[in-house]
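Summary of the model geometry
This is what each chain is made of:
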Amino acid sequence: MGGTSPCASCKLLRRRCSKECIFAPYFPSDDPRKFTIVHKVFGASNVSKMLQELPIHQRADAVSSLVYEANARVRDPVYGCVGAISYLQNQVSQLQMQLAVAQAEILCIQMQQQDPTLGATQLVDQDDHKSMLLSENNNNYEILPHYLSFPSSSSSSSNVFQDPHEHLKRESFWT
């Protein structure tokens, strides 16, 4: 960096910041926490090697990814980013299931409004106590086939399958 203040990495490592410092463009002196966390997780030597192997136009993105992964590793030392991604995927899955239940209930209500002779009961799954309205009349399940085949969120190791002629069955992924 020459005459100006050293970059965050050179400050932390207590060394002179040269004009060719590989860290200077990506770890400015006004944000020392950024380098501190990356250094703590990956080590300055490893980060330097990674940056030197990359073309200059990809280094900023690599540093951004390293900072994100380092922050995730500090929050969750075992899973890091994978833990965050897994949590978000689980949340999306639960929301998709809730949406499917809501769509099935809307469809049942619409069917009741079209044909008031149809009766409705509430079927409660004993494991997760989520309810869904289903028609009582003889085998009217064919009307709702794609709304009734969503996975259960109550257990991560099993799925619920809806068979129009049987009760709910559970199948384990591990058998």
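Please refer to the structure placed before this passage.
Note that the structure is predicted; figures quoted are calculated from it, not measured.

Of the regular secondary structure elements, the chain holds 5 helices and 4 strands. Mapped from its N terminus to its C terminus, the chain presents α and β elements in the order α-α-α-α-α-β-β-β-β. Looking at the 175 residues of the chain, the share that counts as buried comes to 30%. Partitioning the contacts of the chain with sequence separation of at least 6, the portion at a separation of at least 24 is 38%.

Tracing the backbone through its elements, the reader meets Leu 51 in helix H3 (residues 44-53). Sequence separation between Leu 51 and Ala 62 is 11 residues, and the spatial gap between their C-alpha atoms is 7.6 Å. In this view, Leu 51 contacts Ile 22, Phe 23, Tyr 26, Arg 59, Ala 62 and Val 63; residues no more than four positions away in its chain are not counted.

As a further point, take helix H5 (residues 81-114). Relative to the 50 Å expected for 34 residues at 1.5 Å per residue, H5 spans 49 Å between its end C-alpha atoms, a close match to the ideal helical length. Burial in H5 covers these residues: Cys 81, Gly 83, Met 97, Ala 100, Val 101, Ala 104, Leu 107, Cys 108 and Met 111.

Below, the discussion takes up the side chain of Ser 9. For Ser 9, the location among the structural elements is in helix H1 (residues 8-13). With residues up to four places along the chain from it excluded, the contact list for Ser 9 reads Cys 21, Phe 23, Phe 27 and Phe 35.

Formed by 21 residues in total, the largest nonpolar core has its most connected members in Cys 7, Cys 21, Phe 23, Phe 27, Val 38 and Leu 51. Breaking this core down by element, the ones donating at least two residues are H1, helix H2 (32-42), H3 and helix H4 (56-75). Here this core takes 5 residues from H4, the largest share from any one element.

Glancing now at the packing of H2 against H3. At their nearest, the axes of H2 and H3 sit 7 Å apart, and the two run at 100 degrees to each other. Judged on the interaxial angle alone, H3 and H2 are roughly perpendicular. Contacts from Phe 35, Val 38, His 39 and Phe 42 in H2 reach Ala 44, Asn 46, Val 47 and Met 50 in H3. Here the residues of the contact of H2 with H3 are counted per class, giving 6 nonpolar, 2 polar and no charged.

Below, the discussion takes up H4. Compared with an ideal rise of 1.5 Å per residue, which puts 20 residues at 28 Å, H4 spans 30 Å between its outermost C-alpha atoms and is within 8% of the ideal. Burial in H4 covers these residues: Arg 59, Ala 62, Val 63, Leu 66, Val 67, Glu 69, Ala 70, Asn 71 and Ala 72. Along its buried surface, H4 packs onto H2, H3 and H5.

So, about a nonpolar patch on the surface. Taken together, the side chains of Val 78, Tyr 79 and Val 82 make up a nonpolar region of the molecular surface, amounting to roughly 330 Å² of accessible area. Examined against the element boundaries, Val 78 turns out to sit in the loop between H4 and H5. Assessed through its relative accessible area of 60%, Val 78 is described here as exposed.

Cut-off values and rules
What you see as residue numbers is a count from 1 along each chain, following the sequence as written. Confidence filtering applies because this is a predicted model: local features only for residues at pLDDT of at least 70, side-chain atom pairs given and counted only at 80 or more, and all residues used for totals across whole chains, interfaces and linings. The basis for every side-chain value is the complete set of non-hydrogen atoms in the structure, without hydrogens or water. Strands here are runs of E lasting at least two residues and helices are runs of H or I lasting at least four, both read from the DSSP assignment and numbered beginning at the N terminus. Each residue is placed in one exposure class: buried if its accessible area under a 1.4 Å probe, protein chains only, is under 20% of its type's maximum, exposed if it is over 50%, and partly exposed if it falls in between. We call two residues contacting when some pair of their heavy atoms lies within 4.5 Å. Given a helix with a known number of residues, its expected span is that number minus one, times 1.5 Å. Definition used in this section: a nonpolar core is a set of buried Ala, Val, Leu, Ile, Met, Phe, Trp, Tyr and Cys residues joined via side-chain atoms within 4.5 Å. Helix axes use the C-alpha atoms of the stretch in contact, all axes being lines fitted to C-alpha atoms, and the angles between their N-to-C directions lie in the range 0 to 180 degrees. Note on terminology: angles under 35 degrees are roughly parallel, angles over 145 are roughly antiparallel, angles of 65 to 115 are roughly perpendicular, and the others are oblique. In this classification, Asp, Glu, Lys and Arg are treated as charged, Ala, Val, Leu, Ile, Met, Phe, Trp, Tyr, Cys and Pro as nonpolar, and every other residue, Gly included, as polar. In this scheme, patches are assembled from residues that exceed 30% relative accessible area and form no salt bridge. Like charges are connected within 9 Å, while nonpolar side chains (Val, Leu, Ile, Met, Phe, Trp, Tyr) are connected within 5 Å. What sets the accessible areas is the Shrake-Rupley method with a 1.4 Å probe; for residues, cover comes only from the shown protein chains. Definition used for salt bridges: Asp or Glu carboxyl oxygen within 4 Å of a side-chain nitrogen of Lys or Arg.

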